[in-house]
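Each chain, written out:
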Amino acid sequence: MSQEIRTARLLLRPVRPTDAGPITAIIQDRRVHRMLARVAPNQSKAQTLAWIARHDAGAARDTDHVRAIELDGQLVGVTGANRSDTSSPFEVGYWLAPQAWGKGLMTEAVGALLEWLEQRGERAFVSGHFADNPGSGRVLQKLGFMNAGRNPVFCLGRGEMVDHLYMARIAQNA
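Scoring rules and cut-offs
- Residues numbered from 1 in each chain as written.
- Predicted model: local features only at pLDDT ≥ 70, side-chain atom pairs only at ≥ 80, totals over all residues.
- Heavy atoms only, no water.
- Helix = DSSP H or I, 4+ residues; strand = E, 2+ residues; numbered from the N terminus.
- Buried < 20%, exposed > 50% of the residue type's maximum accessible area, 1.4 Å probe, protein only.
- Contact = heavy atoms within 4.5 Å.
- Expected span 1.5 Å × (residues − 1).
- Core = buried A, V, L, I, M, F, W, Y, C linked by side-chain atoms within 4.5 Å.
- Pairing = 2+ DSSP bridges.
- Salt bridge = Lys/Arg side-chain N within 4 Å of Asp/Glu carboxyl O.
- Axes fitted to C-alpha atoms, helices over the stretch in contact; angles between N-to-C directions.
- Left-handed = near helix turned anticlockwise from the far one by under 90°.

K.L.:
Explain the side chain of His33 here, please?
P.N.:
When you line up the elements, His33 lands in helix H2 (residues 30-33). Under the relative-accessibility criterion, His33 is labelled buried at 6%. Not counting the four nearest positions on each side in its chain, His33 is found in contact with Ile27, Gln28, Val39, Ala40, Pro41, Cys155 and Gly157.

This is the structure in structure tokens:
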């Protein structure tokens, strides 16, 4: 199966080391990292490169599938799915550069990633969002995720516990 996923407007492709600069610049924006549980506000390019370097091994184990989101040839975000082992459901995550917000791009990108995973036989997915990020919740709702609980989660980007809403989705053809 191809490692690239195309939609009407987007190209989802594996993240490359050359993406480290743009990714680091975007996630250093406070509006982005404060909504991400696992990204520090001062993440360096070297840390981003180390994160990228782990992707091939995760893909080979079928535990991590991370894609850069390109719009008109420019990296505007990242989406991915990871899990601890192949018997667990994938946890879906995503972020988008602020200048690309409000255009339906994330729903398009995550929907395409889910479709790609379902074509591979995956049926169950989990995700979530911070309570003060309702836009992220709308993305998940549009893609068929349903509420599955609420609990505080430590947000590295804020350095504190944040109210988090868990969501889950079962593939419609499951």
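K.L.:
When you look at helix H5 (residues 105-119) in this model, what are you seeing that I'm missing?
P.N.:
Residues separated by three or four positions in an α-helix point in the same direction, a consequence of the helix having 3.6 residues per turn. Its 15 residues give H5 an end-to-end C-alpha distance of 21 Å, which sits within 8% of 21 Å, the value for a rise of 1.5 Å per residue. In the stretch just after H5, Gly121 is the one whose phi turns positive, near 105 degrees.

K.L.:
Would you mind going over the nonpolar core with me for this structure?
P.N.:
Side chains of nonpolar character tend, in soluble globular proteins, to be buried together. Counting residues in each nonpolar core, the largest one holds 26 residues, and the members touching the most others are Val92, Met106 and Phe145. Sorting the residues of this core by element identifies strand E2 (10-14), strand E4 (74-82), strand E5 (90-96), H5 and helix H6 (134-142) as the ones contributing at least two each. Among the elements that take part in this core, H5 stands out by supplying 9 residues, more than any other. Dropping the residues within four chain positions of it, Met106 is found in contact with Ile69, Val78, Tyr94, Trp95, Leu96, Gly111 and Val139. Core analysis: the next-biggest nonpolar cluster, separate from the first, contains 15 residues, Val15, Ile26, Val39 and Trp95 among them.

K.L.:
Could you clarify how one ought to interpret the sheet that holds strand E7 (residues 146-155) in this entry?
P.N.:
The strands that make up a sheet pair up through hydrogen bonds in the backbone, lying either parallel or antiparallel. The strand order across the open sheet built from 8 strands is E1-E2-E3-E4-E5-E6-E8-E7, with neighbouring strands paired in mixed fashion. Single-partner strands in this sheet number two, and they are strand E1 (5-6) and E7. Where E5 lies against strand E6 (residues 124-130), 2 bridges are found, and the strand directions are parallel. For Phe90, the partnering residue across the bridge sits in E6 and is Phe125.

K.L.:
Can you walk me through the pattern of salt bridges in this structure?
P.N.:
Side chains that differ in sign of charge can pair as their charged atoms come close. Scanning the model with the defined rule gives 15 salt bridges in all. Taking the shortest distance from any N to any O, the salt bridge between Arg31 and Asp29 comes out at 2.7 Å. A salt bridge links Glu91 to Arg38; the nearest nitrogen and oxygen atoms lie 3.4 Å apart. Of this pair, Glu91 sits in strand E5 while Arg38 sits in the loop between H2 and helix H3 (45-53), and the two are 53 residues apart along the sequence.

K.L.:
What is the right way to look at the packing of helix H1 (residues 20-27) against H3 in this model?
P.N.:
For any two helices packed against each other, one specifies the inter-axial angle together with the distance between the axes. Remark: H1 packs on H3, axes separated minimally by 9 Å, with the N-to-C direction vectors making an angle of 115 degrees. Between H1 and H3 lies a crossing of right-handed hand. Facing Ala20, Gly21, Ile23, Thr24 and Ile27 of H1, the residues of H3 in contact are Lys45, Thr48, Leu49, Trp51 and Ile52.

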